Amino acid sequence: MEVCYQLPVLPLDRPVPKHVLSRRGAISFSSSSSLFGAPDPRQLSQRRGAISYDSSDQTALYIRMLVYKLTSCHLSGPGPSLELVPSPLPDVRVRSQVGFEPERRSSHPYLCIDFRTLHTRLGCGFSSASSEPERRIQRLLSFQRYLHSSRLLRGIPQQIPLHILDEDYTGQARCMLEKVGHWNFDIFLFDKFTNGNSLINLTFHLLNQYGMVELFQLDMVKLWRFLVMVQEDYHSDNPYHNAVHAADVTQAMYCYMQEPMLAKSLTSFDILLGLLAAATHDLDHPGVNQPFLIKTDHYLATLYRNTSVLENHHWKSAVGLLRETGLFSHWPAEDSLNMERELGSLILATDISRQNDYLSRFRQHLDQESLCLSNGSHRHFILQMALKCADICNPCRPWELSKQWSEKVTEEFFQQGDVEKKHKLEVSPLCDREINSVGNIQIGFMTYVAEPLFAEWARFSDTRLSQTMLGHMRLNKASWGSLQQEQTLTSEEAETSNASTSREGAAAAPRGTSSKEIPQGSRES
């Protein structure tokens, strides 16, 4: 039996508004209407399942999906059972007996069904005793990954849906992907069009575009599962270090790999490595920096001996997902281990505390003209530099995008500072919202970190893209400077106004007092 269901935002007993049914949205549904029992096939084929991202009409989020063929209507085990619910519409809806569970991204709250749970339970079931290889893999999992795994074992639905839709479900997103190589690519808009799944869709598209799936004989199901798990392990409540940031870095990495110097030199293995490293470079980021983990005696700081703590954790978390999904299990063991090592080398290069080491080495290569991209180690070094540039490329984006990223990363700094104040710890630099501002932090970052790096990158790859990035950074720096001046003038005017008001009050008080004291003095005389 094939079951089609609708994931509504509105209550199940409320009819769908006509303006929603007639809207042409991101989902174009044209499958056989016989699955729905519709009396008139033409009526269904003309209807459009719409994803509306209008802020004024959030209730127009309707998704029609085709569920895996179920052998029974009820699932065994402790998980929530599903039952068919009659509907006045020609759609068959599925309702959970335990009610709606909030989705991770609060902007699109709808019921989510974990298809991995369904497929697993339809199989042979879970084994009570895990094998030794499984236990070894579990040790590599991050705490959040382990939490998701335990939720899956208990039959609790995951909080990120896996989309099983017809080919046109990414209408507007697919149009944006045609321009994924443009530097002004709006990742925030793309994330809305993909319903918060920008990292999955973008990475999957790029791997397909390069032909990586066929070339390396990647299993499509394993690849999709890997990307879903990667996106899950990014903390959506982080203002900056979340899956959208990872998608933005992946898109920037693609732009750099398209540059002539790299496009004619990189091997297929380099391309696969670069895309995977960009997608996983901040995996399971806790939203605080390394000094915070060290001074709070966090177990990760102890585990990695206070050296590249976060980057080591990102790398090992990515390796855990690769092994859990078995994405490269069909490769020879040596090739798979080499991929894991190379992946770690790229991710560890994003440690900002080692910025000067990499920059000095890059500058030395350029001064001596010693880079030879036919050399595998030199290509790998350029991939490291490309990933470093992609990781901090926000100041080089157009102002509308750069400003959003600047506000997000500063807010994450300030949230860490708030936690430090709450627990009476020394507030980390740039994390005190009372003495720092977005403009000051960004101007300093551009001056001492971004500009030196991108100036050397422009020496290596003197292209239109490099000049565009430098131009955007100059304009953005000037814009933050102007905003700082305006804020300074406003604060000075406010202080001047307050000071003049205080002086007038102080001057009025003595006059009133003297007029009362004169008679007293005359009486004393």
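These figures come from a predicted structure and were not determined experimentally. Sequence order sets the numbering: in each chain, residues are counted from 1 along the sequence as written. In keeping with the predicted nature of the model, local features appear solely for residues at pLDDT of at least 70, side-chain atom pairs appear and are counted solely at 80 or more, and the whole-chain, interface and lining totals rest on all residues. Calculated side-chain values reflect all of the structure's heavy atoms, with hydrogen atoms and water omitted.

Caption draft 1: Representation of the overall build of the chain. Elements are defined by DSSP. Helices are runs of H or I of four residues or more, strands are runs of E of two residues or more, and each kind is numbered from the N terminus. Per the secondary structure count, the chain includes 22 helices and four strands. Think of it in three bands: with a 1.4 Å probe and only protein chains considered, a residue is buried below 20% of the maximum accessible area for its type, exposed above 50%, and partly exposed in between. With 525 residues in all, the chain has 50% of them scored as buried. Any two residues having at least one pair of non-hydrogen atoms within 4.5 Å are treated as being in contact. Within the chain, contacts between residues at least 6 apart in sequence are counted, and of these 75% link residues at least 24 apart. For the area figures, the Shrake-Rupley method with a 1.4 Å probe applies, and any residue is considered shielded solely by the protein chains shown. Accessible surface, the chain as shown: approximately 25,700 Å² in total, 54% of it carbon and sulfur.

Caption draft 2: Main features of the environment of L348. Position of L348 among the secondary structure elements: in helix 17 (residues 333–348). Between the C-alpha atoms of L348 and V309, which are 39 residues apart in sequence, the distance is 9.4 Å. Among all residues touching L348, those that are not within four sequence positions of it are S308, E311, N312, W315 and R354.

Caption draft 3: Helix 13 (residues 268–280), seen in detail. Helix length check: helix 13, at 13 residues, gives a terminal C-alpha distance of 18 Å against a target of 18 Å (1.5 Å per residue), a fit within 8%. The buried fraction of helix 13 is high, at 11 of 13 residues. Multiply 1.5 Å by the residue count of a helix minus one, and that product is the helix's expected span.

Caption draft 4: Representation of the UniProt feature "binding site: Zn(2+) 2" (unreviewed entry) in the chain in the model. UniProt positions are given in the numbering used here, feature names are shortened, and annotations may be inferred rather than shown by experiment. As annotated by UniProt and renumbered to match this structure, "binding site: Zn(2+) 2" (unreviewed entry) occupies D282. Tracing the backbone shows D282 in the loop between helix 13 and helix 14 (290–295). Take D282: its relative accessible area is 6%, and that puts it in the buried class. Those residues in contact with D282 that sit more than four places away from it in its chain are Y234, H241, H245, H314 and D391.

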